[in-house]
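Below are the chains, spelled out letter by letter.
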Amino acid sequence: MQGAGKDGPPPSPRGPLFIIAGRTGRLANRLVLFANFIALAAERGYRVTNPTFHSYATLFETTRRDIYCRYPVAGHGSAFDLIPGAAALLRGTRVFFHAARTASVLNERLPMFGGRVVTLRETPGTEITDLAGPEVEAKVRGASVVLVNGWMFRAPQLLHRHGDGIRRYFRPVETLRKASREAVAGLRQNADVVVGVHVRRGDYATWKNGQYLFPLSRYAAWMRELGDQFGGKRVAYLLCSDEPLDAGAFSELPTASGPGSAAADLYALAECDYVFGPPSTFSQWASFYGNKPLLHLTDSHQSVELGRFAVSDLV
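The rules we used
- Residues numbered from 1 in each chain as written.
- Predicted model: local features only at pLDDT ≥ 70, side-chain atom pairs only at ≥ 80, totals over all residues.
- Heavy atoms only, no water.
- Helix = DSSP H or I, 4+ residues; strand = E, 2+ residues; numbered from the N terminus.
- Rg over C-alpha atoms; globule rule 2.2 N^0.38 Å.
- Buried < 20%, exposed > 50% of the residue type's maximum accessible area, 1.4 Å probe, protein only.
- Contact = heavy atoms within 4.5 Å.
- Areas by Shrake-Rupley, 256 points an atom, 1.4 Å probe, with all protein chains shown as cover.
- Lys, Arg positive; Asp, Glu negative; His and termini not counted.
- Charge placed at Lys NZ, Arg CZ, Asp CG, Glu CD.
- Axes fitted to C-alpha atoms, helices over the stretch in contact; angles between N-to-C directions.
- Parallel < 35°, antiparallel > 145°, perpendicular 65-115°, else oblique.
- Left-handed = near helix turned anticlockwise from the far one by under 90°.
- Expected span 1.5 Å × (residues − 1).
- Arc of directions from axis to C-beta.
- Pairing = 2+ DSSP bridges.
- Core = buried A, V, L, I, M, F, W, Y, C linked by side-chain atoms within 4.5 Å.

When helices and strands are tallied, the protein shows 11 helices and 12 strands. For 315 residues, the compact-globule formula gives about 20 Å, and the C-alpha radius of gyration of the protein, at 21 Å, lands near that figure. Taken along the three principal axes of its C-alpha coordinates, the protein extends 65 × 45 × 40 Å. Across the 315 residues that make up the protein, the buried fraction comes to 51%. Considering only contacts within the protein whose residues lie at least 6 apart along the sequence, 68% involve residues at least 24 apart. Here the protein has roughly 14600 Å² of accessible surface; of this, 52% comes from carbon and sulfur atoms. Taken as two groups, the 36 positive and 28 negative side-chain charges of the protein have centres that lie 8 Å from each other.

Spelled out as structure tokens, the structure:
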């Protein structure tokens, strides 16, 4: 079967419409969830619309033109997209998201449509719910509409198979592409290898009791440790952080800061040759989108070993 990857265009839709009704986290979380459902749709010929993506729709070439954030890409815009200002107004109200979320909850409590409309939630007791697995297939069989409410839905094999098409779908707008390219291009002038360092600190001060809140001195030590493994090549580092950094902590290392906004930093990391940082969907997406090796650091005593980097499958 041809899908949205390098083998050809997506198949004609022939299955249910998946509506992502549960809003989870910020930009990277929503990219990860959306991408997995696109992978499923590309494989099976389903359709997806994602009203929870309205907060970030204007950042991407595809979704900024489509108020419904649909996959496969619609051949033409809706009336809301054609009326000046209408799409922006509707996105601001979050009315589509609120309607989808309410419908998903009500449908569970009062299933008036039989099997034609189902609410899909994660399988209890499992780390991830496999979108390509028999449980999900049985749940959606015969449905016309599937209201999705949950976070840990994944389809890593399908994601790999249709990765090229997914990356095309989430191509950022030109201003973001330019900012991300320029942030890394400056480093490449004097470096053979550019490593993206995701310094996640702000909300990690409290998340999991600060388990992944590493001091800047530890990041600098990891950078030096990794740099020594490139056999004499010149290594530079792109620092992307959710808070201002003390430049003195990295004074002996060739560094530059990311563009500054979350989206531009995300895609700048994707332009690097390697990426590392604490566990986060932010660096996962950068790795997947850029097809660049990633290492997540889970302990302050962990070593940064080049052989342990791998491109993320978004699990």
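From this point, things continue past the structure.
So, on to the packing of helix 1 (residues 27-44) against helix 11 (residues 281-290). Between helix 1 and helix 11, whose axes approach to 8 Å, the crossing angle comes to 50°. Considering the angle they form, helix 1 stands oblique to helix 11. Of the two possible hands of crossing, helix 1 and helix 11 adopt the one that is left-handed. Counting all contacts with helix 1, which are made through A28, N29, L31, V32 and A35, the residues of helix 11 involved are T281, F282 and W285.

This paragraph deals with helix 8 (residues 174-188). For helix 8, spanning 15 residues, the distance from its first C-alpha to its last is 21 Å, which sits close to the expected 21 Å at 1.5 Å a residue. Along helix 8, the positions that sit buried rather than exposed are L176, R177, S180, A183, V184 and L187. Buried residues of helix 8 fall within an arc of 135° about the axis and therefore sit on the same side. Those residues of helix 8 that are buried are in contact with strand 8 (193-199), strand 9 (235-241), strand 10 (255-257) and helix 10 (262-271).

Moving on: the pairing of strand 9. Counting buried residues along strand 9, 6 of its 7 residues qualify, which places the element largely inside the surrounding structure. For strand 8 and strand 9, the ladder comprises 7 bridges, and the chain directions are parallel. The residue bridging V195 from the neighbouring strand is Y237, located in strand 9. Where strand 9 lies against strand 10, 3 bridges are found, and the strand directions are parallel. Within strand 10, the residue paired with L238 across the bridge is A256.

So, about the nonpolar core. Counting 62 residues, the largest nonpolar core has F18, F34, F37, I166, F170 and W285 as the members making the most contacts within it. Other than its neighbours up to four places away in sequence, F18 contacts F37, L40, Y46, R47, V48, T49, L120, V140, V146 and V148. Counting 24 residues, the second-largest nonpolar core is a separate cluster that includes Y212, L216, W222 and V304.

For the rest of this paragraph, the subject is the environment of A79. If you trace the backbone, A79 turns up in helix 2 (residues 79-82). Note: C-alpha distance between A79 and G15 (64 residues apart in sequence) is 25 Å.

With respect to the helices and strands, A270 occurs in helix 10. Owing to a relative accessible area of 6%, A270 belongs among the buried residues under this scheme. Not counting residues up to four positions away in its chain, the partners in contact with A270 are A286, Y289, G290 and K292.

Purely spatial values, then, with no claim about function.
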